[in-house]
Structure formats: structure tokens, C-alpha cells
Amino acid sequence: QGIIIHESAKNEEKKVDYIVTLGARLYGRTPSESLMERLNTTLDYVEKYKDTKIIVCGGQGLDEDIPEAEAMESFLINRGIDKKRIIKEESSTSTFENLKNSKEIIERLDDKGDIEIGIVTSDYHLYRSKLIAKRLGFKVIGLPAKTPTISIPKSYLREYFAIIKSIILDRV
């Protein structure tokens, strides 16, 4: 738990080539509070770094009307971000898939070597996300989004077990 808490407090903001914003639950078409925090963190970053491209990640859950990436793209466009900066990754169902699919997209679009990404996700989720990204070969920084207070105990406990699972199962 200490590693999760330590990583969640770090904000490594600097200019990167791509921001990868990980999805979270939608209620129909409406972003959950967790997803709104991630989107606001993304928005704050991309307003400062105007040439950074954005990959929004997330497929469509059973109780969601659209893919998470579509809702995320709409949010950013409605707040003035140029659609040309946004790349949707709409097929993933896990953190590993989010990052693996993002890597494939970046490799297709960008032949520049030494790509650096910033991952935007909930603070408790940053350690595992960065661990997976590094395994996939990314140079990565983390940009933590605030976890809604009501979700903190459940999220941190669940993440502890998810890290163990990821260490064992999420292989490149």
C-alpha cells in the first residue's frame, strides 16, 4: 500500500509527446466522478502544452451507451480542444489493453524514436499503470487525478490486489 500512496502523491508534469487518459465508468453517456477528475486533469495539462496529442482510452461497458473514449473525446472538444489532437482507443477493457492498444496506435502514427507519454488516471491507479507502461517499453510520467473521497478506501484496497494480479498476469 505504501508504494501506491507514494506514487499517487507524485505529479511529474513536464512536456511529453502523448497524454494517455485512461477511461472509467460512464452512466449511460455521462462520465462518473472518477472519469471527470481524469478529464479535468487532462484538460489542465493539454491547455498548457498545446502540441501534445491526446489518446483517450476505454471501450463500452455493458451498462454504458457509448464507449468511454467517445464520451471523453466529446468532453474535451466541448471545452475547446481541437478534435485533431484527440485519438480514440475504443476497444480496451483493462489497463493493460488501454496501454498496449495505445502503444500500437502511437507506433502506427509516429516514427519518432524515444516517445514519452504521460498517463492520466486516478491517483491510486498510477503505480500499476506506470508499471505496465514501462513493461510495454514506454518512457512515462504520471499525472494523478483526484480520487473521489467516498471511493478512497475501496479503490486503494482493490488496487493492492490488482497490482499483484498485474505482476503475475500482465505480460508483454
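Above this text is the structure in question.
Peer 1: Please explain the nonpolar core as it appears in this structure.
Peer 2: The nonpolar side chains of a soluble globular protein tend to be buried with one another. Membership of the largest hydrophobic core comes to 22 residues, with the highest contact counts inside it found for Ile 19, Ile 54, Val 56, Leu 76 and Ile 81. Listed by contribution, the elements that provide at least two residues to this core are α2 (33-48), β4 (53-57), α3 (68-78) and β7 (139-145). Residues Val 20, Ile 119, Ala 133 and Phe 138 belong to the second largest nonpolar core, which totals 19 residues.

Peer 1: Hey, could you run me through the packing of helix α4 (residues 95-109) against helix α5 (residues 126-135) in this one?
Peer 2: The description of two helices packed together rests on the angle between their axes and the distance between the axes. Taken N-terminus to C-terminus, the directions of α4 and α5 make an angle of 40 degrees; their axes are 10 Å apart at the nearest point. On the basis of their axis angle, the class for α4 and α5 is oblique. With respect to the hand of their crossing, α4 and α5 are arranged in right-handed fashion. Residues Thr 95, Phe 96 and Leu 99 of α4 pack against Arg 128, Ser 129, Ile 132 and Ala 133 of α5. A class-by-class count of the residues in the contact of α4 with α5 yields 4 nonpolar, 2 polar and 1 charged.

Peer 1: Would you mind going over the pairing of β4 with me for this structure?
Peer 2: Successive side chains on a regular strand alternate, one facing one side of the sheet and the next facing the other. Among the 5 residues of β4, 4 are classified as buried, and the element is accordingly described as predominantly covered. Where strand β1 (residues 18-22) lies against β4, 5 bridges are found, and the strand directions are parallel. Opposite Val 20, over in β4, you have Ile 55 as the bridge partner. As paired elements, β4 and strand β5 (residues 86-89) share 4 bridges and run parallel to each other. Bridge pairing in β5 places Cys 57 opposite Glu 89. Traced from β4 through α3 to β5, the parallel crossover comes out right-handed.

Peer 1: Sorry, what's going on with the pattern of salt bridges here?
Peer 2: A pair can form between side chains of opposite charge whenever their charged atoms are brought close. Under the criterion given, the structure shown has 11 salt bridges. The network of salt bridges with shared partners includes Glu 73, Lys 83, Lys 88 and Glu 90.

Peer 1: Before we go on, may I ask you to explain α3 in this structure?
Peer 2: Residue pairs spaced three or four apart in an α-helix point in one direction, given the helix's 3.6 residues per turn. Of all the residues in α3, the buried ones are Glu 68, Ala 69, Ala 71, Met 72, Glu 73, Phe 75 and Leu 76. Those residues of α3 that are buried lie in contact with β1, β2 (26-27), α2, β4 and β5. One or two residues past the end of α3 sits Gly 80, with phi positive at roughly 95 degrees.

How each quantity is defined
Residues numbered from 1 in each chain as written. Predicted model: local features only at pLDDT ≥ 70, side-chain atom pairs only at ≥ 80, totals over all residues. Heavy atoms only, no water. Core = buried A, V, L, I, M, F, W, Y, C linked by side-chain atoms within 4.5 Å. Buried < 20%, exposed > 50% of the residue type's maximum accessible area, 1.4 Å probe, protein only. Helix = DSSP H or I, 4+ residues; strand = E, 2+ residues; numbered from the N terminus. Axes fitted to C-alpha atoms, helices over the stretch in contact; angles between N-to-C directions. Parallel < 35°, antiparallel > 145°, perpendicular 65-115°, else oblique. Left-handed = near helix turned anticlockwise from the far one by under 90°. Contact = heavy atoms within 4.5 Å. Nonpolar A, V, L, I, M, F, W, Y, C, P; charged D, E, K, R; others polar. Pairing = 2+ DSSP bridges. Right-handed = clockwise from strand over helix to strand, strands pointing away. Salt bridge = Lys/Arg side-chain N within 4 Å of Asp/Glu carboxyl O.

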